[in-house]
Protein chains: 2
Amino acid sequence: MAVSIGDVATAAGVAPSTVSRALHGRPGVSEEVRTQIARVAADLGYTASRSAASLASGRTWTVGVIAPYVGRWFFGEVLDSAEEVLSAAGFDVLLYNVGSPAARKRFFERMPLRKRVDGVLSLLLPTEAEALALRSLGVPLSLVVGGPRPGFTTVGIDDRRGAELAVRHLVNLGHRRIGMIGTTAAAPLNWTTPSERRAGYLQVLHEARIAPDPRLDVDGRYTVKGGEQAMTALLATRQPPTAVFAQSDEMAMGALRALRLHRLRCPEDVSVVGFDDHELAEVVGLTTVAQPVAKQGAAAARLLLDQLAAPEPTAGGYVQMPISLVLRESTAPPRPQPA
Amino acid sequence: MAVSIGDVATAAGVAPSTVSRALHGRPGVSEEVRTQIARVAADLGYTASRSAASLASGRTWTVGVIAPYVGRWFFGEVLDSAEEVLSAAGFDVLLYNVGSPAARKRFFERMPLRKRVDGVLSLLLPTEAEALALRSLGVPLSLVVGGPRPGFTTVGIDDRRGAELAVRHLVNLGHRRIGMIGTTAAAPLNWTTPSERRAGYLQVLHEARIAPDPRLDVDGRYTVKGGEQAMTALLATRQPPTAVFAQSDEMAMGALRALRLHRLRCPEDVSVVGFDDHELAEVVGLTTVAQPVAKQGAAAARLLLDQLAAPEPTAGGYVQMPISLVLRESTAPPRPQPA
């Protein structure tokens, strides 16, 4: 009977994937372990070429990563941490940056990943049709952002609850006129985060019996510049808000800049709470909802590696990461109204 | 005589690369132009298959991008803008994130780009040996960061002059005790930016007859956290500086945070000048040396596309982008010394 890679693995006391890596000269295996595995394989009469013809056949040692907006802090962090995990396991990363609806359409039409990757890590939420296209690749799929999704292993946070934490904090401070900076441009990209965070905002207003005012719900395009423009628009309303929930720290920091340009003080004149805990949130003293960004990228990459190492294809699963409100100096009770 | 792709291009009034794209159904060509080119090609008796057998043979329509630290603002911005240009021309991006010396060593040993890319865009400066390995790929090479480099088309800024602008500004304000936050970890990565900026700092001290004090030259690892720690170390010296030049805005913002934690005011107690004009520099009122970051990525990508479209291989060239000092609120004259 032929010696299998599993026999070598058992005899060497390592995983079959480690045997494969060691015998193919892939990284992620120490020289000591590699030597030991080669010795065990030789003892059992197992050769790397046989492995090449079976287990390792067709492996590209490449993971496709689909990401929108690599220049934005969140996606850069996720990508950096995922790439570190994948690279350490010997995988190259094939990055597709599909930020615009046009680039996205072209990507899913051409589906350039076919036969080029062993797995896919997506930082954008696919539509039903896109998910079907991805599943047709027949490789493990891992997804950052969003909740459970059939056929995918997903890692994310509870966006709605995060927004509730932020807005409830403002309500607890005594604010009644609360603006929100989010985006309406998310729909064509099937990006659920803005609508989930909006739902959390509306839920807390409802709990507090505050009638939502659509004039206070403005688009900041999830950029610093957009946040600045959105805050400027809020300040130009007939009755400006005393507090603002920005759906991302980058928009919140743009809002802080708009306040400065208007010679308004934060939090004395307007409170601002963000979302993310961007590495610069601490520098500007921004109260925010912290989410573990790098950890989400690393976790998604690890789950993908687990699936790649599994002898049988495994179905999805959802890992929800913890979030928490971080209090800094950008939020305070509203000023007493003139009598 | 056979009709060449150049004949079709001339007759249609477009570039040969546009003809190639149009006849191969690649994106980046409007339907109108595509139809017109197809008609001209048919009139001349030129067929796409002939083109496929010559000009376009062996094309992978993929550009390899080598980048360190995608999570850092500078590299994320460059990558985003380069990817946008390449994607619009129909090229996929194969990203290699090689931030650590170990990942870098593995990358150049394995050279996984071979036969997988039509060109390489590098955001890290290769050593002589690495440059040799890249040139052996026989594809166009474009480089962001650093000066002219044989065999490469490079895009960059004058790092030394940028540092001189920043430090001369501090000297002009009357500062004599000027610290610098840079990094010493650059050497193993062959990254010349920190040493060029240090040279500019030392040059201006020399001009101003200020003896450099090695205790004021500290390592901030080019991160926000590192900048915070470096500033803390500077404040703990026997005679702290009255002004600090941080070699990146991220380190400068970390320095601002350290000042805040020490209940020191900027610029009243310590002036801080950064480098980059990070999108959040304006938010925190940071005086800095502005460089066009996204433009460098886009320019490098465009130069690579030009080389790919050229009928003959073209040698290097160096594009230097403009820099300028942006005055904001983080710098001021030193406080009068107590008599």
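Remember, it's a predicted structure, so these values are computed and weren't measured experimentally.

Our next topic: the pairing of strand 4 (residues 141-144) of chain B. Residues and elements named next belong to chain B. Going residue by residue along strand 4, you find Leu 141 and Leu 143 tucked away on one face and Ser 142 and Val 144 tucked away on the opposite face as well. Here strand 3 (residues 119-122) pairs with strand 4 via 3 bridges, running parallel. Paired with Leu 121 across the two strands is Ser 142, which belongs to strand 4. Traced from strand 3 through helix 7 (residues 128-135) to strand 4, the parallel crossover comes out right-handed.

Before going further, it helps to examine the sheet that holds strand 7 (residues 217-219) of chain B. All names here are of chain B. Read across the sheet, 6 strands follow the order 7-6-8-9-10-12 without closing on themselves; strand pairing throughout is mixed. Looking at the sheet topology across the chains shown, the edges are occupied by strand 7 and strand 12 (324-326). Pairwise comparison of adjacent strand axes, ignoring direction, gives a mean angle of 20° for this sheet.

Every contact between the two is made by 38 residues of chain A and, on the other side, 38 residues of chain B. Summed over both sides, the interface of chain A with chain B buries roughly 3,400 Å², with 47% coming from carbon and sulfur. Across the pair Arg 260 of chain B and Glu 329 of chain A runs a salt bridge, and its minimum N-O distance is 2.9 Å. In this assembly, chain A and chain B are joined by 10 residue pairs in polar contact (both at pLDDT 80 or more). Among the elements of the structure, helix 5 (73-88), strand 2 (92-97), helix 6 (101-110) and helix 11 (249-261) of chain A are those that each provide at least two residues to the side of chain A that touches chain B. Looking at which element gives the most residues to the side of chain A that touches chain B, the answer is helix 5 of chain A, with 7 residues. Looking at the side of chain A that touches chain B, its residues break down into 16 nonpolar, 8 polar and 14 charged.

Quick look at the confidence of the model for chain A now. All names here are of chain A. When pLDDT is averaged along chain A, the result is 86, and 91% of the positions lie at 70 or above. In the model, residues 48-57 has pLDDT below 50 throughout and makes 16 contacts with residues more than four positions away in sequence or in other chains. Reported confidence for the predicted complex is 0.72 by ipTM and 0.78 by pTM.

The next subject is the packing of aromatic side chains. The relation between two aromatic rings is expressed through the spacing of the ring centres and the mutual angle of the planes. Going through the model one piece at a time under the given rule, you end up with 10 aromatic pairs over all chains. Each ring, one from Phe 74 of chain A and one from Phe 75 of chain A, has its centre 5.2 Å from the other, and the planes form 85°; the classification is edge-to-face. We note that Phe 74 of chain A, like Phe 75 of chain A, is buried. Counting every residue linked through ring pairs, the aromatic cluster contains Tyr 96, Phe 107 and Phe 108 of chain A. The cationic tip of Arg 197 of chain B hangs over the ring face of Phe 275 of chain B; the distance from NZ or CZ to the ring centre is 3.6 Å.

Let's shift gears to the state of the cysteines. Applying the stated rule across the entire model yields 0 disulfides over all chains. Of all cysteine sulfurs, the one in Cys 266 of chain B lies closest to Cys 266 of chain A, which takes part in no disulfide; the gap is 19 Å. Overall, the relative accessible area of 26% leaves Cys 266 of chain A in the partly exposed class.

To continue, consider the sheet that holds strand 2 of chain A. Residues and elements named next belong to chain A. One open sheet holds the 6 strands; their spatial order is 2-1-3-4-5-11, and the pairing between them is parallel. Where the open sheet ends on each side, the last strands, each with one partner, are strand 2 and strand 11 (317-320). Adjacent strand axes in the sheet meet at a mean angle of 15° when their direction is disregarded. Here strand 4 (residues 141-144) runs beside strand 5 (residues 153-156); their pairing, made up of 3 bridges, is parallel.

About the criteria used
All residue numbers refer to position in the chain's written sequence, counted from 1. The order in which chains are written sets their letters, starting at A; the order in which ligands are written sets their numbers, starting at 1. Side-chain atom pairs in this predicted model are given and counted only at pLDDT of 80 or more, local residue features only at pLDDT of at least 70, and totals for whole chains, interfaces and linings cover all residues. Just so you know, side-chain values use all the structure's heavy atoms and leave hydrogens and water out. Using a 1.4 Å probe on the protein chains alone, a residue whose accessible area is under 20% of its type maximum counts as buried, one over 50% counts as exposed, and one in between counts as partly exposed. Numbering of helices and strands runs from the N terminus; a helix is a DSSP stretch of H or I covering at least four residues, while a strand is a stretch of E covering at least two. For two strands to count as paired, DSSP must find a minimum of two bridges between them. Think of it like this: strands point away, you trace from the first strand over the helix to the second, and a clockwise trace means the crossover is right-handed. Throughout, an axis means a line fitted to C-alpha atoms (over the contacting stretch in the case of helices), and angles, computed between N-to-C directions, take values from 0 to 180 degrees. Only heavy atoms matter for contacts: two residues are in contact if any of them lie within 4.5 Å across the pair. Buried area is understood as the total, over both parts, of accessible area removed when two parts are fitted together, assessed with a 1.4 Å probe. Salt bridge, as used here: a side-chain nitrogen of Lys or Arg that lies within 4 Å of a carboxyl oxygen of Asp or Glu. In protein, a polar contact means a hydrogen-donor-capable atom and an acceptor-capable atom, both N or O and within 3.5 Å, with residues adjacent in sequence counting only if both atoms are side-chain atoms; elsewhere, any N or O pair within 3.5 Å suffices. Three classes are used, and their members are as follows: Ala, Val, Leu, Ile, Met, Phe, Trp, Tyr, Cys and Pro are nonpolar, Asp, Glu, Lys and Arg are charged, and the others, Gly among them, are polar. pLDDT is a per-residue confidence score from the predictor, ranging from 0 to 100. Pairing of aromatic side chains here covers Phe, Tyr and the six-membered ring of Trp, requires ring centres within 6.5 Å, and sorts the geometry by plane angle: under 30 degrees stacked, over 60 edge-to-face, intermediate tilted. Distance and angle both matter: a charge sits over a ring if NZ of Lys or CZ of Arg is within 6 Å of the ring centre and within 35 degrees of the ring normal. What counts as a disulfide here is a pair of cysteine sulfur atoms lying within 2.5 Å.

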